[in-house]
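Single-letter residue listing:
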Amino acid sequence: MTDTAEPLRFADRAGYQAAVAQWLDRIRVGLDIFDVDLVDTALSSSPRVAQLSDALTRDPAMTVRIVLHDADALQHRMPRLWNLCTAQSHRMQIRQTPRTLRHLTETFMLSAGGALLVRTHSMHFRGKLLVGDTQENAGYRQRFGELWDACSCCISTTKFGL
């Protein structure tokens, strides 16, 4: 995929997970993720955890912010990803949405490098990967900032909750 505003569209689980892999190849400096529980992203698979770990190793200034409706799956059923979150707890922050925002169903991932991955509804796999669309990126960046600020519940990745 070239750096244009032409979206890569997907309509099934395999297409979505392939788009996640492509999106991870494009992350720079920081990334923001808003998802229900990360289950459908396949971020917990060995190749995706390796990609994310490589990106963190490549750029020591990189940060990751994740907002979830439900962090239970991440904490209890995604050991590879949870271990990476724990090992990189100084660079990875996880928050949970308040009950008042659980109705939000459009999930998305933003890269500071300009890649945006949007899934139109958390119950469906239809969506798009956009690279270089600064206007749409700005809208989702603002949306993520508002979500981040609305989430007061932080998920601790340390054993003692520190």
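Below is a summary of the structure that appears in this document. (Residues numbered from 1 in each chain as written. Predicted model: local features only at pLDDT ≥ 70, side-chain atom pairs only at ≥ 80, totals over all residues. Heavy atoms only, no water.)

For the chain, the helix and strand inventory stands at five helices and eight strands. The secondary structure elements of the chain, listed N-terminal to C-terminal, are β-α-β-α-β-α-α-β-β-β-β-α-β. Here the C-alpha radius of gyration of the chain, 15 Å, is about what a compact globule of 162 residues would show, namely 15 Å. Summarising its shape, the C-alpha atoms of the chain cover approximately 45 × 35 × 25 Å along the three principal directions. Counting across all 162 residues of the chain, residues that qualify as buried make up 47%. Surface exposure of the chain reaches about 8200 Å², of which carbon and sulfur atoms provide 52%. (Helix = DSSP H or I, 4+ residues; strand = E, 2+ residues; numbered from the N terminus. Rg over C-alpha atoms; globule rule 2.2 N^0.38 Å. Buried < 20%, exposed > 50% of the residue type's maximum accessible area, 1.4 Å probe, protein only. Areas by Shrake-Rupley, 256 points an atom, 1.4 Å probe, with all protein chains shown as cover.)

Strand order in the open sheet formed by eight strands is S1-S7-S6-S5-S2-S3-S4-S8, with mixed pairing between adjacent strands. Single-partner strands in this sheet number two, and they are strand S1 (8-10) and strand S8 (153-155). Recorded for the sheet is a direction-independent mean angle of 15 degrees between the axes of neighbouring strands. Relative to strand S7 (residues 127-131), strand S6 (residues 115-119) is paired through five bridges, and the arrangement is antiparallel. Bridging across to S7, Val-118 finds its partner in Lys-128. Packed onto the sheet, helix H5 (residues 134-150) meets strand S2 (30-35), strand S3 (63-68), strand S4 (92-96), strand S5 (107-111), S6 and S7 and runs at close to 110 degrees relative to S5. (Pairing = 2+ DSSP bridges. Axes fitted to C-alpha atoms, helices over the stretch in contact; angles between N-to-C directions. Contact = heavy atoms within 4.5 Å.)

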